[in-house]
Amino acid sequence: MFDAMTDTKRRVKLYALNADRQWDDRGTGHVSCNYVERLKGVSLLVRAEADGALLLESKIQHDTVYQKQQDTLIVWSEADNFDLALSFQEKAGCEEIWEKICNVQGKDPTIETTQDIVEESEDERFDDLSDSAPPVELPLCEIGRLKEIKDLFITCMATPLNKDRLAEAIENDGYVRKLVKLFNLCEDLNNLEGLHCLYDIVKNIFLINKNALFEMLFADDIIFDVIGCLEYDPTQPIRKYHRHHLKNVSKFKEVILITNPELLNKIHQTHRVQYIQDVVLPTPSVFEDNMLSALSSFIFFNKVEIVTLIQEDDKFLPDLLGQLQDENTPDSRKLELVQFLKEFCNFSQNLQPPQKEGFFRTLTSLGILPMLEMTLISEEVNIKQAAIDILTILVEFSPSVIREYILQQSTSTVPQGNGNEKDLMLMNVIIKQMICDTDPDLGRAVQLMGVIRVLIDPENMLPSLSKVEKTDFLNYFYKNSVDILAEPLLKNTENGEPAQDDYQNAQLLAHILELLTFCVEHHSYHIKSCIMNKDLLKRVLVLMKSAHKFLVLGALRFMRKIVALKDEFYNRYITKGCLFGPVIDCLLNNNGRYNLLDSAIIELFEFIKLEDIKILIAHIVENYGKKFEHIDYVQTFKALRQRHIQQTEKLKEKPITNCSVTVSTGRFRRDPRQIEDEEEIWFNNEDDEFDDSEAVVPHTGMTGSTEITASEQLDSIGKSIDKKCEGSSAKIFGTTVKTTPVINNNMVVTPTLSSSPEDPKNSSLLKKALVDYDGDSDEDDDENGDLKSPIKRARYS
């Protein structure tokens with residue numbers, strides 16, 4: 001927006017033609033024409049608008065060719081291959097400077113070019129080849145010659161050269177206004193034939209696709225007459241009353257008082273031009289996508305200017321958001337305000353990224369997010385929908401801003417003891433609105449699901465703050481929000497059967513499953529804890545009894561993502577809970593039908609076979625082998641049986657190997673990698689049962705070094721093995737220790753270790769009071785590239 005105190009008449013943009021024959025913007029300033037002593041002549045001076053710096057100092061030579069174009073442009077060549085141009089804001093300023101140039105050269109100011117062009121380079125001759133073509137002579141604007149005008153326009157539209165010539169003739173002759181006058185006369189006389197000709201003429205002016213012509217067509221005083229011309233389409237049997245719609249049906253309502261007349265006019269013009277493009281003009285075919293590209297650009301820049309003007313108004317946005325946050329504002333008023341804000345945010349999509357970021361930061365500082373919390377829970381459906389649309393725009397552009405606000409809420413909220421403060425947090429408001437969507441098609445739920453997915457996606461978190469943002473936000477989400485998200489699913493499956501299996505509820509559960517599946521894929525540590533604590537996979541597999549196949553497939557997809565991780569904790573959780581039962585039952589109930597469900601289930605088992613997940617293969621074959629032994633239309637289950645037989649035979653044939661566990665009375669250090677391996681073995685047996693009376697073998701090297709006596713060594717091992725009968729074995733760090741120790745003269749205890757499979761009842765002796773969880777989640781370890789166990793590091797005491 002221009003400063004009201006500035007002389008806009010002499011405000012110009014300076015352009016220079018670069019080597020690629022493109023015009024570069026050299027800045028905006030104010031032009032003057034004064035005598036310069038140093039140059040000994042009258043010169044054009046342009047000083048920058050921002051700081052007054054001299055952008056141009058060009059002496060007006062008597063033989064320089066100056067050209068005036070489009071009433072607001074002066075172009076000349078300063079030297080060979082160095083063309084300059086001044087683009088004036090106002091026509092009057094251009095005419096004033098043009099007159100001074102002509103006076104210096106002794107020319108008549110009514111001419112368009114001050115000198116005849118005598119010599120041209122080859123490139124210039126090629127570029128100006130069109131100058132050799134004869135200009136288009138437009139017929140007089142008379143009713144009797146309308147058909148002649150229409151035929152001329154159609155002929156000229158056939159070639160680009162003639163189209164340009166036609167555009168130049170229309171512009172120079174002010175032909176648009178003459179046609180508008182003719183239209184009013186034809187309409188008064190009810191001359192339908194003339195009106196049909198005018199439709200074709202005006203439509204072809206649009207198809208010329210020149211910005212200068214659009215400026216003429218969309219002038220405030222004639223735009224409705226132009227739209228009137230387009231009402232009389234000869235190919236349509238019924239006339240469409242576009243002017244009536246724009247004037248009476250689509251009335252402009254000023255939600256907040258607009259005091260800037262420039263902004264008001266720009267809003268009106270943009271609405272009308274958008275209507276012309278979307279409704280009035282014929283829809284372009286697939287071969288004419290760029291047919292009206294200049295019209296789209298016209299609308300685009302209008303929207304940018306509207307957003308800029310509103311943002312520069314100190315009172316407009318604060319007043320709007322203040323009324324939306326006021327609880328006393330009636331719903332009818334809130335609806336008008338939130339719909340205006342939605343349209344405003346849509347316009348902002350046209351801004352460049354830096355301007356768009358500044359725009360959203362401004363809205364955030366003015367309190368748009370607290371306002372959205374209030375409008376999202378509104379009982380008025382239209383208010384709620386507009387708020388969701390605004391939230392979607394904000395989240396798509398800058399999810400980190402929303403996450404930052406949510407984390408601030410979690411630290412600033414004072415607990416009330418009843419948990420209600422969590423319900424007021426923006427993240428939980430979004431989840432609850434998704435769950436409580438009353439739309440039969442769950443349109444709003446789908447939209448909000450997309451918002452949640454963007455917010456919990458670690459991939460779009462700020463690179464510079466990735467670790468902090470990921471850790472803090474995911475900790476917040478799993479502490480405060482995941483319970484609310486999973487609640488409908490858990491409630492619906494608590495009795496082992498789907499409590500509600502209607503279509504709408506099945507759709508909702510499918511959306512929740514989609515989000516939880518996304519979490520399994522991207523939040524390995526946090527979601528693992530959630531699944532274990534809530535027995536979530538078992539509850540999800542209850543949904544495989546649903547009558548809705550899309551929900552059954554969603555439950556199967558959730559399990560497939562878990563199996564794909566090949567995580568030992570998940571595998572033991574699945575086998576202990578016999579969670580393949582619902583999947584096998586579903587496969588058998590499908591009865592061999594060749595459909596998506598059958599293929600998806602078989603693909604799950606095929607994956608287990610190809611990846612050779614031994615614990616799952618053994619569990620499936622041993623527990624469900626008889627159920628699927630008759631399935632022979634695929635080789636998957638036969639291959640699983642064979643794989644299991646091979647594994648069993650290998651275990652039987654594998655020779656017993658000996659290794660030593662050395663306990664020395666001296667201090668020594670162990671390989672840190674060996675320590676990590678042994679910790680991993682311990683963690684792999686974390687869930688097993690232990691006997692409180694069972695002794696623990698001291699693990700030398702855990703804290704660097706250990707000094708023990710020979711008797712202490714014997715007592716330690718003895719307490720572990722005395723409980724077993726002679727000839728049996730005890731488990732130490734997940735390995736089988738024969739009960740007959742060998743003690744040599746150097747006080748080295750060397751029990752023989754067997755490689756037989758673990759007995760789950762006797763594994764992992766380290767359990768009681770030896771571990772204190774400390775450290776970051778596995779997501780953070782992955783961020784730093786550390787190859788750590790997916791379980792938190794243990795600290796030994």
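Every value quoted in this text rests on a predicted model; they were computed, and no experiment measured them.

A. Representation of the overall build of the protein. Each helix and strand in the protein was counted, giving 34 helices and 10 strands. Sorting the 797 residues of the protein into buried and exposed places 44% on the buried side. Looking at the protein alone, contacts between residues at least 24 apart form 65% of all its contacts between residues at least 6 apart. With the model as given, the accessible surface of the protein reaches about 41,900 Å², and the carbon-plus-sulfur share is 50%.

B. Region of the structure containing the side chain of Thr-575. Among the secondary structure elements, Thr-575 is positioned in helix α27 (residues 568-576). Overall, the relative accessible area of 15% leaves Thr-575 in the buried class. Once you skip the residues sitting within four places of it in the chain, Thr-575 turns out to touch Ile-615, Leu-616 and His-619.

C. Representation of the packing of aromatic side chains within the structure. Using the criterion set out here, one finds 18 aromatic pairs in the structure. A ring pair is formed by Phe-206 and Phe-214, whose centres lie 5.9 Å apart and whose planes are at 45 degrees; its orientation type is tilted. Judged by relative accessible area, which is 0%, Phe-206 ranks as buried. One aromatic cluster is present, formed by Phe-316, Phe-340, Phe-344, Phe-359, Phe-360 and Phe-397 through successive ring pairs. The ring of Phe-473 has Arg-403 lying over it, and the distance from NZ or CZ to the ring centre is 5.9 Å. A cation sits over an aromatic face here: Lys-528 above Tyr-570, 5.9 Å from the ring centre.

D. Here's a closer look at helix α13 (residues 331-348). With 18 residues, α13 ought to run about 26 Å at 1.5 Å a step, and its terminal C-alpha atoms sit 25 Å apart, in line with that. Looking at α13, one finds that the buried residues are Lys-334, Leu-335, Leu-337, Val-338, Phe-340, Leu-341, Phe-344, Cys-345, Phe-347 and Ser-348. Considering only its buried residues, α13 is in contact with α11 (293-312), α12 (316-325), α14 (353-365), α15 (368-376) and α16 (381-397).

E. Representation of the pairing of strand β3 (residues 41-48) in the model. Burial analysis of β3 places six of its eight residues in the buried class, which makes it a mostly covered element. Both strand β2 (residues 23-36) and β3 contribute to a ladder of eight bridges, which runs antiparallel. Its bridge partner being in β3, Asn-34 is matched across the sheet by Ser-43. Once β2 ends, the chain turns through four residues before running back antiparallel as β3, passing Lys-40 with a positive phi of about 55 degrees. In the sheet, β3 pairs with strand β4 (residues 54-59) via five bridges, with the strands oriented antiparallel. The residue bridging Arg-47 from the neighbouring strand is Leu-54, located in β4.

F. Representation of helix α26 (residues 549-564) within the structure. Over its 16 residues, α26 extends 22 Å from the first C-alpha to the last, a length consistent with the 22 Å expected when each residue adds 1.5 Å. Taken together, the buried positions of α26 are Leu-551, Val-552, Leu-553, Gly-554, Ala-555, Leu-556, Phe-558, Met-559, Ile-562 and Val-563. A positive backbone phi angle near 55 degrees is found at Lys-566, which sits one or two residues after α26.

G. Geometry of unusual backbone geometry. Within the chain, Lys-566 stands out as a residue other than glycine whose phi angle is a positive 55 degrees. Along the polypeptide, Lys-566 turns up in the loop between α26 and α27. Of the residues examined, Lys-566 reaches a relative accessible area of 42% and is grouped as partly exposed. One non-glycine residue, Asn-591, lies in the positive phi region at around 60 degrees. Residue position: Asn-591 is located in the loop between α28 (581-590) and α29 (596-611).

H. Representation of the pattern of salt bridges within the structure. The full count for this structure, using the stated rule, is 34 salt bridges. Here Lys-342 makes a salt bridge to Asp-389, at a shortest N to O gap of 3.0 Å. With Lys-342 in helix α13 and Asp-389 in helix α16, the pair connects residues that are 47 residues apart, well separated along the chain. Here Asp-389 falls in the buried class, since its relative accessible area comes to 16%. The salt bridge involving Lys-534 is made with Asp-483; its shortest N-O contact spans 2.7 Å. Of this pair, Lys-534 sits in helix α24 (residues 524-534) while Asp-483 sits in helix α22 (residues 482-492); the two residues are 51 residues apart in sequence, bridging distant segments of the chain. Overall, the relative accessible area of 25% leaves Lys-534 in the partly exposed class. Here Asp-483 falls in the partly exposed class, since its relative accessible area comes to 38%. Among the charged side chains, a network of salt bridges with common partners joins Lys-9, Arg-10, Glu-96 and Lys-100.

I. Fine view of the packing of α24 against α27. Relative to each other, α24 and α27 sit at 20 degrees, their axes nearing to 11 Å. By the criterion of interaxial angle, the relationship of α24 to α27 is roughly parallel. α27 is crossed by α24, and the crossing has left-handed handedness. From α24, Ser-524, Ile-527, Lys-528, Ile-531 and Met-532 reach across to α27, where they touch Phe-569, Tyr-570 and Tyr-573. Residue classes in the contact of α24 with α27 are distributed as six nonpolar, one polar and one charged.

Procedures and definitions
- Residues numbered from 1 in each chain as written.
- Predicted model: local features only at pLDDT ≥ 70, side-chain atom pairs only at ≥ 80, totals over all residues.
- Heavy atoms only, no water.
- Helix = DSSP H or I, 4+ residues; strand = E, 2+ residues; numbered from the N terminus.
- Buried < 20%, exposed > 50% of the residue type's maximum accessible area, 1.4 Å probe, protein only.
- Contact = heavy atoms within 4.5 Å.
- Areas by Shrake-Rupley, 256 points an atom, 1.4 Å probe, with all protein chains shown as cover.
- Phe/Tyr/Trp six-rings, centres within 6.5 Å; stacked < 30°, edge-to-face > 60°.
- Lys NZ or Arg CZ within 6 Å of the ring centre and 35° of its normal.
- Expected span 1.5 Å × (residues − 1).
- Pairing = 2+ DSSP bridges.
- Salt bridge = Lys/Arg side-chain N within 4 Å of Asp/Glu carboxyl O.
- Axes fitted to C-alpha atoms, helices over the stretch in contact; angles between N-to-C directions.
- Parallel < 35°, antiparallel > 145°, perpendicular 65-115°, else oblique.
- Left-handed = near helix turned anticlockwise from the far one by under 90°.
- Nonpolar A, V, L, I, M, F, W, Y, C, P; charged D, E, K, R; others polar.

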